[in-house]
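Given next are the chains, with one letter for each unit.
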Amino acid sequence: MKISHFRGIIFSIFILNACSDHKPELIIQTESGEIIVELYVDKAPITALNFLSYIDKGAYKNASFYRTVTLNNQPVNPVKIEVIQGGIFEYDSLNVPIIHETTAKTGILHKDGVISMARLDPGTASTEFFICIGDQHELDFGGLRNPDGQGFAAFGQVIKGMDIVRKIQIKPAQNQYLTPTIQIFNIIQNKD
């Protein structure tokens, strides 16, 4: 993580701790409708604030939901999950991976509607995220979906629009990749 990026996150954590009741709301604007998400900056400050920093940079303009994982399209994986995954679907030097905040640290479990960061190894999460459909305990710390047992970094909850999430999940897909992808026009902070 770049030092200046990390300092910005630490400063934001300090400010938000002074206003601990603040839970930013985001609007994920998609071609299928709007999904409203509440971020838990108090429980997962590094992950939530990093996500907000990408929104401030406009990283999610013209992004997409590109992956759907259903019970029927993961035949070789003995641990089944149900999620939709989105983001910018590319990695570059601007998208610095962040420290992995496990569910053991945050207490945010992968329940229906929880938003979490996609990753390979711990500490590689960047811009890609997913939304749980149903409770997905195998994605929590100690879960069996990822062999390292570290789980994924949950950082918020859908508070409106799970019907849109479920609609996206059942769209046509090939090998878990949506055909075509579902456009995310933008992700913005809800100022209401």
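Residues numbered from 1 in each chain as written. Predicted model: local features only at pLDDT ≥ 70, side-chain atom pairs only at ≥ 80, totals over all residues. Heavy atoms only, no water.

**Quick look at the packing of aromatic side chains**
Our working rule: Stacked, tilted and edge-to-face pairs are distinguished by plane angle, under 30 degrees for stacked and over 60 for edge-to-face with tilted covering the rest, among Phe, Tyr and Trp rings (Trp via its six-membered ring) whose centres lie within 6.5 Å. Under the DSSP-based scheme used, a helix requires at least four consecutive residues in state H or I and a strand at least two consecutive residues in state E, with every element numbered from the N terminus. Buried means the residue's accessible area, taken with a 1.4 Å probe over protein chains only, is under 20% of the maximum for its type, while exposed means over 50%, and partly exposed covers the values in between. Comment: the charge-over-ring label is applied if NZ (Lys) or CZ (Arg) is within 6 Å of the ring centre and within 35 degrees of the ring normal.
Per the stated rule, a full pass over the model turns up nine aromatic pairs. Judged by centre distance (5.5 Å) and plane angle (85°), the rings of Phe51 and Phe129 are edge-to-face. Note that Phe51 is positioned in helix H2 (residues 45–57) and Phe129 in strand S6 (residues 129–132), a separation of 78 residues in sequence. Of the two residues examined, Phe51 and Phe129, each falls in the buried class. Residues Phe89 and Tyr177 carry aromatic rings whose centres are separated by 6.2 Å and whose planes lie at 55° to one another, so their mutual orientation is tilted. With Phe89 in the loop between strand S4 (83–87) and helix H3 (103–106) and Tyr177 in strand S9 (residues 177–189), this residue pair connects regions lying 88 residues apart in the sequence. Here Phe89 falls in the exposed class, since its relative accessible area comes to 51%. The partly exposed category is assigned to Tyr177, whose relative accessible area is 38%. An aromatic cluster is defined as three or more aromatic residues linked by ring pairs; in this entry it consists of Phe51, Tyr60, Phe65, Phe129 and Phe155. Its end group placed over the ring of Tyr40, Lys43 keeps NZ or CZ at 5.4 Å from the ring centre.

**Focus: the pairing of strand S3 (residues 63–69)**
Operational definition: Two strands qualify as a pair provided DSSP detects at least 2 bridges between them.
Burial analysis of S3 places seven of its seven residues in the buried class, which makes it a mostly covered element. Summarising the sheet, S3 and S9 pair through four bridges and their orientation is antiparallel. Among the inter-strand pairings, Arg67 is bridged to a residue of S9, identified as Tyr177. Taken together, the five bridges between S3 and S4 define a ladder with antiparallel strand orientation. Directly across from Val69, in S4, lies its bridge partner Val83.

**Concerning the pairing of S9**
Across five bridges, strand S1 (residues 25–30) lies against S9 in antiparallel orientation. Residue Gln29 lies in a different strand from S9, and its bridge partner there is Asn186. Strand direction decides the pairing type here: strand S8 (residues 173–174) and S9, joined by two bridges, are antiparallel. Within S9, the position partnered with Ala173 by the bridge is Leu178.

**Brief notes about the environment of Gln183**
Short version of the rule: Here a polar contact is taken to be a pair of N or O atoms separated by no more than 3.5 Å, where protein atoms must pair a possible hydrogen donor with a possible acceptor and residues adjacent in sequence count only if both atoms sit in side chains.
Within the secondary structure, Gln183 sits in strand S9. Residue Gln183 is classed as partly exposed on the basis of its relative accessible area, which comes to 28%. C-alpha separation for the pair Gln183 and Asn62, spaced 121 residues apart in sequence, amounts to 6.5 Å. For Gln183, the side chain forms a polar contact with the side chain of Asn62, separated by 3.0 Å.

**Description of the pattern of salt bridges**
Rule in force here: We define a salt bridge as a contact between a side-chain nitrogen of Lys or Arg and a carboxyl oxygen of Asp or Glu at a distance within 4 Å.
Under the defined criterion, the tally for this structure stands at three salt bridges. Here Arg166 and Asp112 are joined by a salt bridge, their closest N and O atoms 2.9 Å apart. Separated by 54 residues along the polypeptide, Arg166 in helix H4 (residues 162–169) and Asp112 in the loop between H3 and strand S5 (114–117) bring together distant segments of the chain. Among the residues examined, Asp112 registers a relative accessible area of 27% and is labelled partly exposed.

**Things to note about the side chain of Gln85**
In plain terms, the rule: The contact criterion used throughout is that any non-hydrogen atoms of two residues lie within 4.5 Å.
With respect to the element layout, Gln85 can be found in strand S4. A distance of 3.0 Å separates the side chain of Gln85 from the side chain of Tyr66, its partner in a polar contact. There is a polar contact of 2.8 Å between the side chain of Gln85 and the side chain of Arg67. Those residues in contact with Gln85 that sit more than four places away from it in its chain are Ser64, Phe65, Tyr66, Arg67, Ala118, Glu128, Phe129 and Phe130.

**Structural notes on H4**
Counting along an α-helix, one turn takes 3.6 residues, and residues three or four places apart therefore face a common direction. Note the following rule: An arc is given here, and it is the one of the directions from the helix axis to the C-beta atoms.
Of all the residues in H4, the buried ones are Met162, Ile164, Val165, Ile168 and Gln169. Along H4, the residues classed as buried sweep out an arc of 155° about the axis, all on the same side.

By themselves these figures say nothing about function.
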